[in-house]
Amino acid sequence: MVARRNRIYPILLLIILIVAISGAYSQQSGRNKNGREACSRVVLKNGKTKLRSGGRVVKFNCNREYVLVGESTSTCLLGEWTSEPPVCATKGCPSIPPPPSGRFIASNGGAVMRLECNPGYRPSHSPMIYCVDRFDWNGTAPICQASGVQQSATRCDFESDDLCGWVQDTRTDEFDWTWQNYGTPSLHLGTGPSFDHTLGQGKAGHYLFIESSSPRILNDTARLFSPVYGAPESSTIADEGVCFTFWFHMYGSTTGPAAIE
Ligand SMILES: *[C@@H]1O[C@H](CO)[C@@H](O)[C@H](O)[C@H]1NC(C)=O
Ligand SMILES: *[C@@H]1O[C@H](CO)[C@@H](O)[C@H](O)[C@H]1NC(C)=O
């Protein structure tokens, strides 16, 4: 009796030890049933997740009245999901007033807004904002902040083609300003200017111009963004203000009125 008991105990102990060790090992390496590294659990606000293929694939579905923004499935690869979980967004959040130096672009029927900032500005935080409940955006709307004041020339005669840091709008307008010298192309006789203001008649001074005749139509826009200027060095009072002076010339039958923003 005694001898038999003594033999059973070491065997039992060995089995317990093996079970304990294998348990610790599988915990440490985070393996799932199939011996692959498991990924962290994902939850989807205003939606559901469904695991497929033994937990290797997660499928996302949004509740009614919510649209899925992002990838609808993700795969577990070496312990990491291959894509970020999507967002379930809906319509009905309060409209966001247009911010200075940028604009919001709506998508997914107004459930998602993306802030686009003018050159020289960047969003204060994530440019994306999602309507996650009927009346709630998922955070405060970002604004456009100057991404650092550039040391740009405060005087510009457009003699060099870097335009002193002024840049064409490549996204929200219909056409661009043309950098050139001497007169406007002979193709458009009877329009102006015929020379540059800085250097005068007969000289090769440069200027920027827009052609308003065909193919341009009423309300076509050509926008130039200025550099972001800091307060002038001579300024002692923060809100003293600055003055912007420029020369312009409008000549021809299709010029229409000038508007400056
Ligand atoms: C809103 O959600 C998106 C996606 O999860 C995230 O990238 C963004 O930072 C969130 N915005 C705020 C302000 O928390
Ligand atoms: C041009 O813009 C003005 C002012 O925004 C607007 O009243 C007018 O209807 C527009 N015309 C055309 C042809 O788009």
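The structure we're discussing is the one just above.
Keep in mind it's a predicted model, so treat the numbers as computed, not measured.

**Structural notes on the packing of aromatic side chains**
Consideration 1: If you walk through the whole model with that rule in mind, you get four aromatic pairs.
Consideration 2: Pairing Tyr-207 with Phe-209 gives two aromatic rings, centres 6.5 Å apart and planes at 65°, and the pair type is edge-to-face.
Consideration 3: Residue Tyr-207 is classed as buried on the basis of its relative accessible area of 8%.
Consideration 4: Above the plane of the ring of Phe-175 lies Arg-216, whose end atom (NZ or CZ) is 4.2 Å from the centre.

**Topic: the environment of Phe-248**
Consideration 1: Locating Phe-248 in the fold gives a position in the segment after strand S16 (224–225).
Consideration 2: For Phe-248, a relative accessible area of 58% puts it in the exposed group.
Consideration 3: Residues Phe-248 and Leu-208, spaced 40 residues apart in sequence, show a C-alpha to C-alpha distance of 9.7 Å.

**Comments concerning the site of ligand 1**
Consideration 1: Close contacts around ligand 1 come from Val-87, Ser-126, Tyr-130, Asn-138 and Gly-139, and that covers them all.
Consideration 2: Compared with its free state, where it exposes 360 Å², ligand 1 has 54% of that area covered by protein.
Consideration 3: Here the residues of the shell around ligand 1 sort into two nonpolar, three polar and no charged.

**What about the state of the cysteines?**
Consideration 1: This model, assessed by the stated rule, comprises five disulfides.
Consideration 2: Disulfide partner of Cys-93: Cys-131, at an S-S distance of 2.0 Å. Here the S-S torsion is close to 85°, and the disulfide linking Cys-93 with Cys-131 is therefore right-handed. You can see Cys-93 sitting in the loop between strand S6 (87–89) and strand S7 (102–107) and its partner Cys-131 sitting in strand S10 (residues 128–133), a full 38 residues away along the chain.
Consideration 3: Owing to a relative accessible area of 14%, Cys-93 belongs among the buried residues under this scheme.
Consideration 4: Looking at Cys-131, the relative accessible area reads 0%, which means it is buried.
Consideration 5: The side chain of Cys-156 participates in a disulfide bridge whose partner is Cys-164; the two sulfur atoms lie 2.0 Å from each other. What sets the handedness of the Cys-156 and Cys-164 disulfide is the S-S torsion sign, and at about 75° it is right-handed.
Consideration 6: For Cys-164, a relative accessible area of 18% puts it in the buried group.
Consideration 7: Disulfide connectivity for the protein chain, with bonded cysteines indexed by sequence position, reads 1-3, 2-4, 5-7, 6-8, 9-10.

**Considering the pairing of strand S1 (residues 47–52)**
Look at any regular strand and the pattern is simple: side chains alternate between the two faces of the sheet.
Consideration 1: Here six bridges tie S1 to strand S2 (residues 57–62), and the two strands are oriented antiparallel to one another. In the strand pairing of S2, Gly-47 is matched with Cys-62.

**Notes on the sheet that holds S7**
Consideration 1: An order of S7-S8-S10-S11 is seen for the four strands of this open sheet, with the pairing classed as antiparallel. Both edges of this open sheet fall to S7 and strand S11 (136–137), since each of them pairs with a single strand only.
Consideration 2: The pairing of S7 with strand S8 (residues 112–117) spans six bridges and is antiparallel. Note that in S8 the partner of Ser-107 across the bridge is Val-112.

**Describing the pattern of salt bridges**
Two side chains that carry opposite charge are able to pair once their charged atoms sit near each other.
Consideration 1: Going through the model one piece at a time under the given rule, you end up with seven salt bridges.
Consideration 2: The closest approach of N and O atoms between Lys-45 and Asp-133, which form a salt bridge, is 2.9 Å. Linking Lys-45 in the loop between helix H1 (2–29) and S1 with Asp-133 in strand S10, this pair joins segments that are 88 residues apart in sequence.
Consideration 3: Classification of Lys-45 as exposed rests on a relative accessible area of 51%.
Consideration 4: The salt bridge involving Asp-220 is made with Arg-216; its shortest N-O contact spans 2.9 Å.

**Here's the deal with the nonpolar core**
Consideration 1: Among the nonpolar cores identified, the biggest contains 10 residues, and these are Cys-93, Ile-96, Phe-104, Met-113, Leu-115, Cys-117, Ile-129, Cys-131, Trp-137 and Cys-144.
Consideration 2: Of all the secondary structure elements, the ones that give two or more residues to this core are S8 and S10.
Consideration 3: Sort the elements by how many residues they give to this core and S8 lands first, with three residues.
Consideration 4: Ile-129 has contacts with Ile-96, Phe-104, Ala-111, Val-112, Met-113, Trp-137, Asn-138, Gly-139, Thr-140, Ala-141 and Pro-142, leaving out every residue within four places of it along the chain.
Consideration 5: In terms of nonpolar packing, the next biggest core, distinct from the first, is built from nine residues, Cys-39, Leu-44, Val-58 and Tyr-66 among them.

**Some words on the environment of Val-67**
Consideration 1: For Val-67, the location among the structural elements is in strand S3 (residues 67–69).
Consideration 2: According to the relative accessible area criterion, Val-67 is partly exposed, its value standing at 34%.
Consideration 3: Apart from the residues within four sequence positions on either side, Val-67 is in contact with Cys-62, Val-87, Cys-88, Ala-89, Asn-108 and Ala-111.

Reading the values: the criteria
Residues numbered from 1 in each chain as written. Chains lettered and ligands numbered in written order. Predicted model: local features only at pLDDT ≥ 70, side-chain atom pairs only at ≥ 80, totals over all residues. Heavy atoms only, no water. Phe/Tyr/Trp six-rings, centres within 6.5 Å; stacked < 30°, edge-to-face > 60°. Buried < 20%, exposed > 50% of the residue type's maximum accessible area, 1.4 Å probe, protein only. Lys NZ or Arg CZ within 6 Å of the ring centre and 35° of its normal. Helix = DSSP H or I, 4+ residues; strand = E, 2+ residues; numbered from the N terminus. Near = heavy atom within 4 Å. Areas by Shrake-Rupley, 256 points an atom, 1.4 Å probe, with all protein chains shown as cover. Nonpolar A, V, L, I, M, F, W, Y, C, P; charged D, E, K, R; others polar. Disulfide = S-S within 2.5 Å. Pairing = 2+ DSSP bridges. Salt bridge = Lys/Arg side-chain N within 4 Å of Asp/Glu carboxyl O. Core = buried A, V, L, I, M, F, W, Y, C linked by side-chain atoms within 4.5 Å. Contact = heavy atoms within 4.5 Å.

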